[in-house]
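A structural walkthrough
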Amino acid sequence: MEELVQSRTHTCNDLRLADAGKKVTLAGFYDNMRKVSKNLGFLILRDFYGTTQIVVETEEMMEKLNGVNNESTLCITGVVRERSNKNPNIATGEIEVVPEDIQVLGKCRYNELPFEVSRSKEADEATRLKYRYLDLRNPEVKSRIVLRSKIVAELRQAMIAHDFLEITTPILTCSSPEGARDYLVPSRNHPGKFYALPQAPQQFKQILMASGFDRYFQVAPCFRDEDARADRSPGEFYQLDMEMAFASQEDVFRVIEDVLPPVFAKYGIYKTASQAPFRRISFRDAMETYGTDKPDLRIDLKLTDVTDMMAGCGFGPFEEGNSIEAVVVTDFAASRKVIDKICADVEVATANKAFWFKLDETGALVGGISKFLQERKDEIVEKLGLKAGDFVGLTAGKKGDALKTAGVLRKLLGAAAPGHMNKECYEFCWIVDFPMYEIGEESGELEFCHNPFSMPQGGMDALKNEDPLSILAYQYDLVVNGVELSSGAVRNHDPEIMVEAFKKVGLGEDDVKAKFPAMYNAFCYGAPPHAGIAPGVDRMIMLIAGEESIREIIPFPMNKTAQDVMMGAPAAVDQKQLDDVHIALNLPVEE
């Protein structure tokens, strides 16, 4: 067998006109070939870095390529020369290589591929994920993974420059009530007991603060058994996890406001990002002004409570007792078809209806529910500041439902109405002052609103003397362009305050000790005040790259049902493996 030579002298993106006359060796994938005759063909060789045109000019060289399928790997040695028909669209477009030797390093054994590599994004997702190794050969797909690597490296450098120490925390740990389902790992040496993959390094990073470390970070893998969404990958994801000792909310804000905007501005599809300080918006103000705690500040529209002026107008949904929210859009000359589509999309997203009317060129209220508002026209026009051509979208229901529905309506109207959304930027904001507690929709009982480890504003005094639903927490969310990038908090580092906080939701001191023994005990030895946050890396890169699906920026993503169709996971295991970990299967009976 002929010895294979693959020590390349250059990559497929290196050669330029100055290299003409050099003898070179290239290695890469057989991208495609245009055969002109039995002794003339133009082959494109592709590697990680780019492409180079190979001009085959002899029958001998052409013979070496007979029966070789696209995507085979080749080693080509030849001489560089100036190209007569130059291609300005590629870096190597001024040269070509005339081969003296061609060797097949790895033969593609299939005449037909599941998709054309350069057009893999046009294939259905299931096929792309099954043949991910081919999908990743597409330079466009590969570029997203390269971008991911560069961004993660930049984030690491920025955190280290802010004196944060990178520390890895355990992957095998104990199950903890973090709000999602755990992935469990059975123990071989401890029958009937299980490890859990961490939903987040929350307790470990707080224990690090109690251990005397001052600033911690890691690009942390997190594991949650939850359903997929466009901006959430099932199974596992990564976050830029950080924690600071002797720190306040503002200390965390300053670090994030210094670290993230340069990364977004440098690598993002939009080249401008909010500069410090980001806007601070209370949870209550966010809901009442934007109808969401994840407002897209690129949209200039706001909500107005119009309950007083429209209640009892004779329109059923505006009956007494319901709240009514309005979104005013200036100069919105949309067709009825566009308006109906927006209203339909609101109903799909919220299960609640949206309504509308316009002020026409003559100053009359027209369209939608306008007939119910004619007697109140002057008051409505005055209080909403309406001018000819203005459009008013409306929602109604219980206060929370009306606000959330109006928030969706605002977002859709902002995207559809010219001049009301500045799409070409990244707008950051902090949502602050979240409620410490809420009444659970399903349980009807008092529950933690967000992170149970957050410090209540007012501390022990607030817990003992205030209505639990009025207590605010030092809890904050980082939002960019209407997407929640992260939640964070000033932590409750005082065991007495922690026990009192958990008492409100029906958990006593023994429960706290049982559920969080290591952290509780560590805090009993004197813990510093500390605060942190953990922006989602996958979601951040998705926003920076302008991708609609988070799976585009993950090297080997699972599908929507948390399956790795390339590797065949999850998969059955043999009985011996089950016996080793003391597991007996109790599978549902197939009907």
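Refer to the structure printed above.
Residues numbered from 1 in each chain as written. Predicted model: local features only at pLDDT ≥ 70, side-chain atom pairs only at ≥ 80, totals over all residues. Heavy atoms only, no water.

Structural notes on the overall build of the protein
For the record, the criterion: Helix and strand assignments come from DSSP, with helices taken as H or I runs of at least 4 residues and strands as E runs of at least 2, each series counted from the N terminus. Residue exposure (1.4 Å probe, protein chains only): buried if accessible area is under 20% of the type maximum, exposed if over 50%, otherwise partly exposed. By definition, residues are in contact when any of their heavy atoms lie within 4.5 Å. The accessible surface values rely on the Shrake-Rupley method and a 1.4 Å probe; as for residues, cover is taken only from the protein chains in view. The charged-residue count follows a simple rule in which Lys and Arg add positive charge and Asp and Glu add negative charge, with His and chain termini not counted at all. By convention, charge coordinates are those of NZ in Lys, CZ in Arg, CG in Asp, or CD in Glu.
Per the secondary structure count, the protein includes 17 helices and 22 strands. Dimensions along the principal axes, computed over C-alpha positions, put the protein at roughly 90 × 75 × 60 Å. In the protein, which comprises 591 residues, the proportion classed as buried is 49%. Look at the contacts in the protein between residues 6 or more apart in sequence, and 67% of them connect residues 24 or more apart. Summed over all atoms, the accessible surface of the protein reaches about 29400 Å², with 50% contributed by carbon and sulfur. In the protein, 68 side chains carry a positive charge and 91 a negative one; their mean positions are 4 Å apart.

Digging into the sheet that holds strand β21 (residues 483-490)
How we decide: Whether two strands pair comes down to DSSP finding at least two bridges between them. Comment: axis = line fitted to C-alpha atoms, over the contacting stretch for helices; angle = value between 0 and 180 degrees taken between N-to-C directions.
Spatially, eight strands are ordered β6-β9-β10-β22-β21-β20-β17-β11 in an open sheet, and the strand pairing comes out mixed. What marks the edges here is a single partner per strand, and that holds for β6 (165-166) and β11 (279-282). In this structure, β6 lies alongside strand β9 (residues 215-224), joined through two bridges in parallel fashion. Bridging across to β9, Leu165 finds its partner in Tyr216. Contacts from helix α5 (residues 202-210) reach β9, β10 (235-245) and β22 (530-533), with the element oriented near 20° to β10.

Considerations on helix α4 (residues 139-161)
The condition that has to hold: Given the number of residues in a helix, its expected span is that number minus one, multiplied by 1.5 Å. Residues adjacent in sequence count toward polar contacts only when both atoms are side-chain atoms; beyond that, a polar contact is any pair of N or O atoms within 3.5 Å, and within protein one must be able to donate a hydrogen and the other to accept it.
With 23 residues, α4 should cover 33 Å at 1.5 Å per step; its first-to-last C-alpha distance of 32 Å lies within 8% of that length. Residues of α4 that are buried include every one of Val141, Lys142, Ile145, Leu147, Arg148, Ile151, Val152, Leu155, Ala158 and Met159, and no others. Lining the buried residues of α4 we find α2 (125-130), α3 (132-135), β9, β10, α6 (249-267) and α16 (537-545). You can read the cap of α4 off the contacts: a side-chain oxygen lies 2.9 Å from the backbone nitrogen of Glu140, and it is on Asn138. Phi turns positive one or two residues past the end of α4, at Asp163, with a value near 70°.

Some remarks on the packing of aromatic side chains
The description of two aromatic rings rests on the distance between their centres and on the angle between their planes. The line we're drawing: Any two of the Phe, Tyr and Trp rings considered here, Trp counted by its six-membered ring, make a pair once their centres fall within 6.5 Å; the pair's planes then place it as stacked at under 30 degrees, edge-to-face at over 60, or tilted in between.
Across all of its chains, the model carries 21 aromatic pairs by this definition. A ring pair is formed by Trp430 and Tyr476, whose centres lie 6.0 Å apart and whose planes are at 90°; its orientation type is edge-to-face. Remark: Tyr476 occurs in strand β20 (residues 475-480) and Trp430 occurs in strand β17 (residues 428-432); sequence separation between them is 46 residues. For Tyr476, a relative accessible area of 0% corresponds to the buried category.

A few points about the sheet that holds strand β16 (residues 391-397)
Overall, antiparallel pairing links the five strands, which are arranged β12-β13-β16-β14-β15 in an open sheet. If you trace the sheet from one side to the other, it starts and ends with β12 (303-305) and β15 (365-366), each paired once. As paired strands, strand β14 (residues 355-359) and β15 are joined by two bridges and run antiparallel to one another. Residue pairing in the sheet places Leu359 in a bridge with Leu365 of β15.

Looking at the nonpolar core
Put simply, the rule reads: Among the buried residues, those of types Ala, Val, Leu, Ile, Met, Phe, Trp, Tyr and Cys that are joined through side-chain atoms within 4.5 Å form a nonpolar core.
Residues Met242, Leu260, Phe264 and Phe428 are the most contacted members of the largest nonpolar core, which totals 68 residues. The element that contributes the greatest number of residues to this core is α6, accounting for nine residues. Met310, Val328, Leu373 and Leu386 belong to the second-largest nonpolar core, a separate cluster that totals 23 residues.

Topic: helix α13 (residues 495-503)
Counting buried positions along α13 gives seven out of nine residues, so the element sits mostly inside the fold. When we look at burial in α13, the residues that qualify are Pro495, Ile497, Met498, Val499, Glu500, Ala501 and Phe502. On its buried face, α13 sits against β18 (437-439), β19 (446-448), α12 (459-465), α14 (509-515) and α15 (517-523). With a side-chain oxygen positioned 2.9 Å from the backbone nitrogen of Glu496, the residue opening α13 is Asp494.

Some words on the side chain of Lys358
As a reminder, the rule being used: Throughout this description, the term salt bridge denotes a Lys or Arg side-chain nitrogen within 4 Å of a carboxyl oxygen of Asp or Glu.
Along the chain, Lys358 turns up in strand β14. Glu361 provides the closest opposite charge to the buried, unpaired Lys358, separated from it by 7.8 Å. A polar atom in the side chain of Lys358 sits 3.0 Å from the backbone oxygen of Ala334. Beyond its immediate sequence surroundings of up to four residues, Lys358 is in contact with Phe332, Ala334, Ile339, Ala364, Leu365, Val366, Asp390 and Phe391.

A closer look at a negative patch on the surface
How we decide: Like-charged residues are merged into a patch within 9 Å and nonpolar side chains (Val, Leu, Ile, Met, Phe, Trp, Tyr) within 5 Å, provided each residue has over 30% relative accessible area and no salt bridge.
Together, Asp401, Glu438, Glu441, Glu442, Glu445 and Glu447 make up a region of like negative charge exposed at the surface. Relative to the helices and strands, Glu445 is located in the loop between β18 and β19.

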